[in-house]
Structures are given as structure tokens and as C-alpha cells.
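Working through the structure, step by step
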Amino acid sequence: MTRISGKYLAKRIVVSYLTLLVIMSLLFVLLRSMPGSFITSMISSGMTAEQIERIRETWGLNEPLWKQYLNFMINYQTGNFGRSPTYNDQVMDLIVRRMPRTLVLFGSTFIIGFIVGPLVGMYLGWWRGSTKDKTVFSTSLLLYSMPSFWISWLFIWVLNYELGWLPSAYMFTQFPEFEWTAFTVMRDVLYHIALPIISLTFIGWVGSMLIMRPTMNQVTDEGYVFLARAKGLSERTVMVKHAARNALIPVATGAVVSLAFLIDGSVIIENVFNWPGMGQIIVSAVLNRDFPVAQAVFFMLAVLIVVMRLLTDVIYTYLDPRIKFGEGE
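Conventions used here
- Residues numbered from 1 in each chain as written.
- Predicted model: local features only at pLDDT ≥ 70, side-chain atom pairs only at ≥ 80, totals over all residues.
- Heavy atoms only, no water.
- Axes fitted to C-alpha atoms, helices over the stretch in contact; angles between N-to-C directions.
- Helix = DSSP H or I, 4+ residues; strand = E, 2+ residues; numbered from the N terminus.
- Parallel < 35°, antiparallel > 145°, perpendicular 65-115°, else oblique.
- Left-handed = near helix turned anticlockwise from the far one by under 90°.
- Contact = heavy atoms within 4.5 Å.
- Nonpolar A, V, L, I, M, F, W, Y, C, P; charged D, E, K, R; others polar.
- Polar contact = N/O pair within 3.5 Å; in protein donor to acceptor, adjacent residues only side chain to side chain.
- Expected span 1.5 Å × (residues − 1).
- Bend = angle between axes of the 7 residues up to and from the residue.
- Salt bridge = Lys/Arg side-chain N within 4 Å of Asp/Glu carboxyl O.
- Buried < 20%, exposed > 50% of the residue type's maximum accessible area, 1.4 Å probe, protein only.
- Arc of directions from axis to C-beta.
- Phe/Tyr/Trp six-rings, centres within 6.5 Å; stacked < 30°, edge-to-face > 60°.
- Patch = residues over 30% accessible without salt bridge, like charges linked within 9 Å, V, L, I, M, F, W, Y side chains within 5 Å.
- Areas by Shrake-Rupley, 256 points an atom, 1.4 Å probe, with all protein chains shown as cover.

Bringing the packing of helix H5 (residues 131-144) against helix H7 (residues 182-219) into the picture now. Each pair of packed helices can be described by the angle between their axes along with the distance between the axes. Two numbers describe how H5 lies on H7: the axes approach to 9 Å, and their chain directions differ by 130°. What the angle tells us is that H5 and H7 run oblique. In this structure, the crossing between H5 and H7 has a hand that is left-handed. Residues Asp-133, Phe-137, Ser-140, Leu-141, Leu-143 and Tyr-144 of H5 form the contact with H7, whose own contacting residues are Phe-202, Ile-203, Trp-205, Val-206, Gly-207, Met-209, Leu-210 and Arg-213. The class makeup of the residues in the contact of H5 with H7 is 10 nonpolar, two polar and two charged.

Following this line, the structure appears as C-alpha cells:
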């Protein structure tokens, strides 16, 4: 039975919290090291010094830098991300509206990729050295080396411009002529999301396959696999229920970590397909020096990565009972 050391778990939580504090400090310093200020666009040549000072006071830029830093650290730990000067809206409201759209697109891609990839890796690892293994493995490596934005443009050119089968931009039909009901909205979203999902999963499954294949290679020589065969079980049963089940352990932990990079991967693809998610506001925030939005988005990405890394350690112990979480501490 898996044993989790409470002392070690508490230590990891403290380390994770301190890691987030360091990341927050780096965000504060790096973004403010950029030339210019996000209130530059608000200042016109006809403004008086008092008006400019009032704008600086509104956004808290008249305070000493150490006080800005202190307020930033306190506010972010209480969920107060401030207001965006670019969108003239609360940053938290922007994130609440945009995050589900990113999760729908990249969550779907993630699920498909971590179903197809391990299945392909299972068969390639089981029939290692065969012609099928060498052919599919070489082809997948070629696909994996291609930039995702280039693949996306290629599918846009073929499926949108040449064949006209699928739309290449937006989440909904602009100025629709049909009646908006729950069914028509869902159908319209699926119609628009199809091309981004096809583009992303075209190479997205390869990562989990590359994890599954060598692990499957290793478990085929394990004693329990030979024992299962000796019992007269079918080849498919031995492969799926005995070998693949144990080979999935590193794939599962890799999937947990990959979840943290959904926002990170959305930056390029969402701008290629004009998808109204987190990726678009990240680019807009950086270009417009929108510190409140940029800091909040990068902070949330850091939280996801740190939390997922902590969960990976815990989940790994449940997947593999031989591991004792915190043993030796």
C-alpha cells in the first residue's frame, strides 16, 4: 500500500509556495524592465502635469517601486489582479471569459492526443523492430519535427482555401443568419473548432507515443508478461491488461505535467486561427505593455506548472505502489 509522508508533503507544499513567490518577483522585475509604460498610450500631448499625475495615481505608478512590489505580492496572493488599461476591464473577468475557450480547444486536443498516442505507442513497443514499428516511428518523428504553426497554415490552405470544407478563424460564425439555439450554437462551435483540433492533433499525439513506446519495450521482457503468456492468455490480453497497464505509468505522469502547458501552447495557435482565448490576450498584453494582464496570465501559468508538478509526485505513488512518497526524509 502506498505510504505518503505527511512531513515530506508539507515540505513540498512550502517549497512550491516559495517557488511561486520567486516567480512573482521575477515577473514584477522583468515586465517593468521593458522600455516604456502601459500608460503611455493614455497620455496625449495636450495633457497637463496634473492630469498625467492623476493617471499615474489611478494605476498606482506614483508609489515608490518597493511599495508597488509589496502591493503586487499581496494582491496576487488574494486573487486581486487589478484592471486592464487595454481592455478597460477587470483582469480576473477577462481570464474567466477567455480561459474556458482555451480549455475547450486545447483540452479536446489533449484528450485526443493522450488516447491516440499511447495506443500507437503500445502497438509499436509490442511489435518492436518490425517493419510497421520502423515505418510509423520514423514518420512520427518527421511529423514531430514540424512547427505547429506551419502545420496549421498547411491545413488552412488545404481544407479552407482550396477545398472550402472548414472555417479557419473565430469560434463562432460572424453575423449568423440561423437562429441561435443550444443545438445550433454547439454545432457552429464544433464546425469552427474542427480545423484547429485537426491541426493540433496531427502532431500532438506523437509526444505521448514517444513516452509509451520505449516503456512498452521494457515491460515486454518483465517476468509477469512471461507468466501471463504461460497461463495461456491471448496475446492481446497480455499486451493490453498486463504490459500496457504498467507501461502507462510514465505516460500518465507526463500527461499531468502537459496539462500545465495548455495556456503556454495557445499563444501561437490561437493567433493563427484567431481563436478568442488566452493566447490572444497574452500577445496583446505584451505588445501593449499591459502589465496587469501579462502578470496575471504568466502568474496563472506558473501556478499551473508548480501545482501539476506537485500532483505528479503524489499521483506517481498511486500508479506505482513500489514508490514511497517522501521515503528517507
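Having seen the structure, we can now continue with the description.
For Ser-208, the location among the structural elements is in helix H7. Within the structure, the side chain of Ser-208 is placed 3.1 Å from the backbone oxygen of Gly-113, a separation counted as a polar contact. Leaving out residues up to four positions away in the same chain, Ser-208 has contacts with Gly-113, Phe-114, Gly-117, Pro-118 and Val-251.

On to helix H4 (residues 91-126). An ideal rise of 1.5 Å per residue puts 52 Å on 36 residues; H4 measures up with 49 Å between its terminal C-alpha atoms. Maximum bend of H4: about 30°, positioned at Arg-98, with proline Pro-100 one to four residues after it.

Applying the stated criterion to the full structure yields two salt bridges. Linking Asp-89 and Arg-97 is a salt bridge whose minimum nitrogen-to-oxygen distance equals 2.9 Å. Of the residues examined, Asp-89 reaches a relative accessible area of 17% and is grouped as buried. Residue Arg-97 is classed as partly exposed on the basis of its relative accessible area of 41%. Measuring nitrogen to oxygen at the nearest pair gives 2.9 Å for the salt bridge that ties Arg-213 to Asp-133. A residue pair is termed long-range when its members are at least 10 positions apart, and Arg-213 in helix H7 and Asp-133 in helix H5 qualify at 80 residues. Neither Arg-213 nor Asp-133 differs from the other in exposure class; each is buried.

Attention shifts here to H5. Over its 14 residues, H5 runs 20 Å from end to end, which matches the ideal 20 Å to within 8%, given 1.5 Å per residue. For H5, the full list of buried residues reads Asp-133, Ser-140 and Leu-143. Buried residues of H5, seen end-on, are gathered within an arc of 105° and therefore sit on one face of the element. Away from its buried face by more than 90 degrees, H5 exposes Thr-131, Lys-134 and Leu-142.

Its location among the elements puts Ser-84 in strand S1 (residues 83-84). A polar atom in the side chain of Ser-84 sits 3.1 Å from the backbone nitrogen of Tyr-87.

Most peptide bonds take the trans configuration, and most residues that are not glycine carry a negative phi. Even without being a glycine, Asn-274 presents a positive backbone phi close to 55°. Mapped onto the elements of the fold, Asn-274 is located in the loop between helix H10 (262-272) and helix H11 (278-287).

Here the focus is the packing of aromatic side chains. Using the criterion set out here, one finds nine aromatic pairs in the structure. On the numbers, 6.1 Å between centres and 70° between planes, the contact of Phe-81 with Phe-299 is edge-to-face. On the criterion of sequence distance, the pair formed by Phe-81 in the loop between helix H3 (65-77) and S1 and Phe-299 in helix H12 (residues 291-319) is long-range, its members being 218 residues apart. Relative to Phe-202, the ring of Phe-155 lies with its centre 5.2 Å away and its plane at 75°, an arrangement referred to as edge-to-face. Linking Phe-155 in helix H6 (residues 148-162) with Phe-202 in helix H7, this pair joins segments that are 47 residues apart in sequence. Assessed through its relative accessible area of 33%, Phe-202 is described here as partly exposed.

Let us now look at the environment of Arg-101. Position of Arg-101 among the secondary structure elements: in helix H4. According to the relative accessible area criterion, Arg-101 is partly exposed, its value standing at 26%. Put simply, Arg-101 and Met-171 are 70 residues apart on the chain and 8.5 Å apart in space, counted from C-alpha to C-alpha. Setting aside anything within four residues of it in sequence, one finds Arg-101 in contact with Met-171, Trp-275, Pro-276 and Gly-277.

Moving on to a nonpolar patch on the surface. Taken together, Phe-149, Trp-150, Trp-153, Leu-154, Trp-157, Val-158, Tyr-161, Leu-163, Trp-165 and Ile-268 make up a surface patch of nonpolar side chains, about 1100 Å² in accessible area. Per element, the largest residue contribution to the nonpolar patch is seven residues, and it comes from H6. Along the chain, Phe-149 turns up in helix H6. The exposure class assigned to Phe-149 is partly exposed, which follows from its relative accessible area of 31%.

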